[in-house]
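Residue strings, one per chain:
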Amino acid sequence: MDPTFAKYIGAGLACIGMGGAGVGVGTIFGNYLAAAIRNPSAADGQFTRLIFGFAVTEALAIFSLVIAMLLLFAV
Amino acid sequence: MDPIHQFEIKKLFVLGHIGGVEIAFTNSALFMFAAVAIIIGGMVLVTAGAGNVPGRSQSLVEMIYDFVADMLRQGAGEEGMRFFPLVFALFSFILVLNLFGLIPGFFTVTSHLVITATLALIVFFTVIGYGIAKHGFRFFKIFVPSGIPIFILPLVTLIEIISFLSRPLSHSMRLFANMLAGHITLKVFASFIGMLATGLGVFGFLVGILPLTMTVALTALEFLVAFLQAYVFALLTSIYLNDALHPGH
């Protein structure tokens, strides 16, 4: 098999990691929404923490995306 | 066309050579100068005729100021306001550069890791430098959380050190990869329109409406991402500065 095939397969495999981060981001926003509906007056005060949690979780998805990009364009 | 062709750095003119390395004025530098000129020019112009009753442009600038100041107070407390110039400069610089990237034909400066890494390292070394200057050896308490059982304390300390050292990596990668991925997605969807139109003729033009709609929707999403990533960068900056100001809790 041509070794360049392995590069594309690897890039595809690296993107599986983004699924896990997708679950994480969904949990964060889902729970925020559930809590915000229960107590709307407290929702605005937690917006910073919401974005912080989102950013930290999203970083993991970004790492797998960068691996995929490196395999596609740099290696 | 290659979707990453848009990120190519072009030399506009060569300034000189330092030890065999060519120092050139690039399109990246041009857009950074333009962003700084717009920010400073806008702020100076608006606040030159400042009145007690703000006009439309003055209230916009005051809104941005209050927005960043509130975020910094929440993240780093009242003492964090001494870093307001740094955080505000980072926020406005990244926001303007991100929005520049959305104008067709313009270069996206923040889609280059070398730029975002420089900004993240400025924050990283500011945190270390200020933390050690202000607290001395006590600054290293941020690696040793209180209230942890002694048996797992070495493990937790190790994890804290690794997470502290990986901060500039994730800080810079987040902005870089978000801008890069967003612009590649836009380009890929836009190229579908051309492929359909040239490949399928009249039928292709009709089906091409679908990727066109998607491109418009993605552009709207990219405006949200451009703002959100500038906000996230400044928010994380203020949270990291909080460690330098109040280590050990």
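Structure: above.
Here is a short report on the structure shown in this document. (Residues numbered from 1 in each chain as written. Chains lettered and ligands numbered in written order. Predicted model: local features only at pLDDT ≥ 70, side-chain atom pairs only at ≥ 80, totals over all residues. Heavy atoms only, no water.)

Thoughts on the overall build of chain B
Alright, step 1. Scanning chain B from N- to C-terminus turns up eight helices and two strands.
Alright, step 2. Counting helices and strands in the order they occur from the N terminus, chain B gives β-β-α-α-α-α-α-α-α-α.
Alright, step 3. Viewed in the frame of its principal axes, chain B has a C-alpha envelope of about 70 × 55 × 45 Å.
Alright, step 4. Relative to all contacts within chain B whose residues are 6 or more apart in sequence, the contacts with residues 24 or more apart total 67%.
Alright, step 5. For chain B, the accessible surface area stands at approximately 13500 Å², while carbon and sulfur atoms represent 75% of it.
Alright, step 6. One way to put it: in chain B the 11 positive side-chain charges average out to a point 4 Å from where the 11 negative ones average out. (Helix = DSSP H or I, 4+ residues; strand = E, 2+ residues; numbered from the N terminus. Contact = heavy atoms within 4.5 Å. Areas by Shrake-Rupley, 256 points an atom, 1.4 Å probe, with all protein chains shown as cover. Lys, Arg positive; Asp, Glu negative; His and termini not counted. Charge placed at Lys NZ, Arg CZ, Asp CG, Glu CD.)

Side note on empty space enclosed by the protein
Residues and elements named next belong to chain B.
Alright, step 1. As enumerated under the stated definition, the model contains one cavity of 30 Å³ or more in all.
Alright, step 2. In this structure, the largest cavity occupies an estimated 50 Å³ of space.
Alright, step 3. As for the largest cavity, its lining consists of Ala120, Val123, Phe124, Val127, Phe164, Arg167, Pro168, His171 and Tyr240.
Alright, step 4. Listing elements by their share of the lining of the largest cavity, those giving two or more residues are helix H4 (113–135) and helix H6 (167–200).
Alright, step 5. The element that contributes the greatest number of residues to the lining of the largest cavity is H4, accounting for four residues.
Alright, step 6. Taken together, the residues of the lining of the largest cavity break down into seven nonpolar, one polar and one charged. (1 Å grid on protein atoms, 1.4 Å probe; cavity = no way out; pocket = protein on both sides within 12 Å on 5 of 7 lines; lining within 4 Å. Points joined across faces, edges and corners; volume = space filled by probe spheres on them. Nonpolar A, V, L, I, M, F, W, Y, C, P; charged D, E, K, R; others polar.)

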